[in-house]
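Inside the fold
Residue strings, one per chain:
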Amino acid sequence: MGAAAQPRKVRLSTNPSPEALAELELGDIVYLDGVVYTAREGVYMRVIEEGAELPLDLPGESAANFHCSPAGTPLEDGSFKVGAVTATASFRFSKWIGEWLDRSGAKLIIGKGGMNPEDYRKEFVPRGAVYLTTVGYGTGALLGRGVKGVRGLHWQEELGIAQALWVFEVENLGPFLVESDLQGNSLFDRENKKIAANLSKVYEGTKPAVLKRFGETDDRGEELI
């Protein structure tokens, strides 16, 4: 038997060209260079629902939006030391993502766990954007190594340290996995379908579960991996 193909490693600019984005394939391992900013529900609501002006030039400064909470320590000179950047689940931001892509011009959305494949097809594809996901849990300190400095911190007083809009200079920030491509395909959706196709075999011969709580199901087809 031949050796399994190894994932491809890619160094990608945070202002990627359309050609660079088109070359990305599901499962590629990506490391980022340039400038990344953090924007999640607090920023989305402030800009989209409250009409606040963006405090930086987007996508001029960056086309990479990271859904995360930085662990930033203020220093005496007014700068910050960032020890870790912990990704948060992106599916929670589905209601804002289309308009945010329009407002920000983002081409890279980075976070944890991916989004609904329908979001990729409906919101990402028409705007030429892709989704990069963190690799597993507990990688905040690892990702923090890629943060070389804090270029800006906006709306800290209004939103708090976790929800504020941070602007990071990054080098070799990663690893991330390409979860969606320019065609709207989803790595997680593809692999889950492979698992689901053989899920019934895993449970052959097992006894039915004892169900006592409202809403529980014994249908293995509804199981989420």
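That block above? That's the structure.
All figures in this text were calculated on a predicted structure; none of them were measured in a lab.

Rules used throughout
Residues numbered from 1 in each chain as written. Predicted model: local features only at pLDDT ≥ 70, side-chain atom pairs only at ≥ 80, totals over all residues. Heavy atoms only, no water. Axes fitted to C-alpha atoms, helices over the stretch in contact; angles between N-to-C directions. Helix = DSSP H or I, 4+ residues; strand = E, 2+ residues; numbered from the N terminus. Parallel < 35°, antiparallel > 145°, perpendicular 65-115°, else oblique. Left-handed = near helix turned anticlockwise from the far one by under 90°. Contact = heavy atoms within 4.5 Å. Nonpolar A, V, L, I, M, F, W, Y, C, P; charged D, E, K, R; others polar. Polar contact = N/O pair within 3.5 Å; in protein donor to acceptor, adjacent residues only side chain to side chain. Buried < 20%, exposed > 50% of the residue type's maximum accessible area, 1.4 Å probe, protein only. Pairing = 2+ DSSP bridges. Right-handed = clockwise from strand over helix to strand, strands pointing away.

**Details of the packing of helix H2 (residues 41-49) against helix H3 (residues 94-104)**
Axis separation between H2 and H3 bottoms out at 10 Å; the angle between their running directions is 65 degrees. Between H2 and H3, the crossing angle belongs to the class labelled roughly perpendicular. Of the two possible hands of crossing, H2 and H3 adopt the one that is left-handed. Along the contact surface, H2 presents Glu41, Val43, Tyr44, Met45, Val47, Ile48 and Glu49, while H3 presents Lys95, Trp96, Ile97, Glu99, Trp100 and Arg103. Its residues assigned to classes, the contact of H2 with H3 comprises 8 nonpolar, no polar and 5 charged.

**Notes on the side chain of Thr38**
In this structure, Thr38 sits in strand S2 (residues 29-38). Looking at Thr38, its side chain comes within polar contact range of the main-chain oxygen of Ala164, at 3.2 Å. Setting aside chain neighbours within four positions, we find Thr38 in contact with Val43, Asn65, Phe66, Cys68, Pro70, Ala164, Leu165, Trp166 and Phe168.

**Topic: the pairing of strand S1 (residues 9-13)**
Residues Val10 and Leu12 point to one face of S1 and are all buried, whereas Lys9, Arg11 and Ser13, pointing to the other face, are not buried. Pairing of S1 with S2 involves 5 bridges; the strand directions are parallel. From the neighbouring strand, Leu12 faces S2, where its bridge partner is Leu32. Between the parallel elements S1 and S2, the chain passes through helix H1 (residues 18-23) in a crossover that is right-handed.

These results come straight from atomic positions and should not be treated as a statement about function.
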